[in-house]
Amino acid sequence: MKNIAILGSTGSIGVNTLDVISRLKGRFRVVALSADSSIELLARQARVFHPKVVSVGNEELANKAKKLLPSRTRVVYGPSGLRFIAARPDIDIIVFAISGTTCLIPLLDAIDNRKEIALANKEALVSAGPLVMSLAAKRGVRILPIDSEHSAIFQCINGKSEAVSRIYLTGSGGPLLDVKREKFGSLPLSYILKHPRWKMGKKITVDSATMMNKGLEIIEAKYLFNIKESSIEVLVHPEAIVHSMVEFTDSAVIAQLGVPDMRLPIEYALTFPERSKAIVKRVDFSGVGALTFRKPDAGKFPCLALARDAAASGRLAPAVLCASDEEAVKNYLNGNITFTDIPKIIEKVLERHKNTVRSISVKHVMDADSWAREETERLCYR
Ligand code: MG
């Protein structure tokens, strides 16, 4: 039995992770959970899984949570609460299901403490890929991706990374795939938030609509699999059955297929290197009929090029891109800017950033992150 912590247990990945854990009866003991502000759901989860410790967003929420939780559950909070969990010796594996750059420090702590890492968060890798990957190599820690495409790539590579020549990163194309660009400005938020294939949090659903999600995934794949961005090709695949493909030096292509259900990559990350029982539905191939692929429309989705450029520039450009996108999407969701403002604002922030630091540190990443947020915020209120 492995002891597990789930950071971000009340979000969509966290809820799915707990579902996987209960279906894999007897394999995992939940030692720690964390939530930002959904303390009622966190308390319900705690009553089922009996964690020793939970972490919440701040002190006020911690005081509220204490009243909802069994008295023996320890409640910690804020960034130090997450770090406390990442350092606990009684935890073997940590699922990082918090979105955003809040994940970076506890992730580095967890790697430093030689925990097994199941990573759903993409922002930490995008912003600080070289730091995360070099520490993981130094500590001999394997990072198991939960992002469905990266899980697919990991499964396809299957230890043959020296023979990889190209990665085909697939994406459903999001809710705007067949909407004309001229219409983008007039679409209501409810339309943008209705993803055709995946049920996810708001931020990532907006990122799917702009295709910034795929852009961030290019950078994520670059660092995770140590491959040049020019060898990563994005393919729009509306059926969302092929979760990505890897081409090898002999031109053989291996793909991973499955129904679009996050519980499969979660289960794989938790049970690796074994394959466990079926939790998700099987693919009904004759029901799907055709699997189609096309190139993304670069004119309609400028975020893809912004991300690719940031990936090529490296250094702190990905951190700036990532933070600026998070702020811009927040402002879009709050009604301060329009959907089509998102890429324009991120582009301006990237143009203003001086990407001169040669080898990046955690402090560099944090500084670039807050600089990019301030710049973005200013442009949103112009
Ligand atoms: Mg993904």
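On a predicted model such as this, the values are computed, not experimentally measured, just so you know.

Visitor: What is the right way to look at helix α16 (residues 362–380) in this model?
Guide: Since the α-helix advances by 3.6 residues per turn, residues separated by three or four positions end up pointing in the same direction. Between its first and last C-alpha, α16 extends 27 Å over 19 residues, near the 27 Å set by a 1.5 Å rise per residue. Taken residue by residue, α16 has Val365, Ala368, Asp369, Ala372, Arg373, Glu375, Thr376, Leu379 and Cys380 as its buried positions. Turning to α16, the residues buried within the fold contact α5 (104–112), α6 (123–139), α14 (317–333) and α15 (341–352).

Visitor: Any chance you could explain the sheet that holds strand β8 (residues 164–171) here in plain terms?
Guide: Backbone hydrogen bonds are what pair the strands of a sheet, in a parallel or an antiparallel way. One open sheet accounts for four strands, arranged β9-β8-β10-β11; its pairing is mixed. With partners counted over all chains shown, the strands left at the sheet margins are β9 (232–236) and β11 (253–257), one partner each. When strand polarity is set aside, the average angle formed by the axes of neighbouring strands in this sheet is 20°. Summarising the sheet, strand β10 (residues 242–248) and β11 pair through five bridges and their orientation is antiparallel. Directly across from Ser244, in β11, lies its bridge partner Gln256. Contacting β8, β10 and β11, helix α7 (residues 148–157) runs over the sheet at an angle of about 40° to β10.

Visitor: Help me understand the pattern of salt bridges, please; the structure alone is not making it clear to me.
Guide: Opposite charge on two side chains lets them pair, provided their charged atoms get close. The final tally for this structure, using the stated rule, is 28 salt bridges. Note that Arg166 and Glu233 form a salt bridge whose closest N and O atoms lie 3.1 Å from each other. Remark: Glu233 occurs in strand β9 and Arg166 occurs in strand β8; sequence separation between them is 67 residues. Here Arg166 falls in the partly exposed class, since its relative accessible area comes to 25%. With relative accessibility at 22%, the residue Glu233 sits in the partly exposed group. Notably, a salt bridge pairs Arg373 with Glu326, separated by 3.3 Å at the nearest N-O pair. Here Arg373 is found in helix α16, whereas its partner Glu326 is found in helix α14, with 47 residues between them in sequence. The pair formed by Arg373 and Glu326 is uniform in burial state, with each residue classed as buried. Each of Lys122, Asp147, Glu149, Lys214 and Glu217 takes part in one network of salt bridges that share partners.

What counts and how
Residues numbered from 1 in each chain as written. Predicted model: local features only at pLDDT ≥ 70, side-chain atom pairs only at ≥ 80, totals over all residues. Heavy atoms only, no water. Helix = DSSP H or I, 4+ residues; strand = E, 2+ residues; numbered from the N terminus. Expected span 1.5 Å × (residues − 1). Buried < 20%, exposed > 50% of the residue type's maximum accessible area, 1.4 Å probe, protein only. Contact = heavy atoms within 4.5 Å. Pairing = 2+ DSSP bridges. Axes fitted to C-alpha atoms, helices over the stretch in contact; angles between N-to-C directions. Salt bridge = Lys/Arg side-chain N within 4 Å of Asp/Glu carboxyl O.

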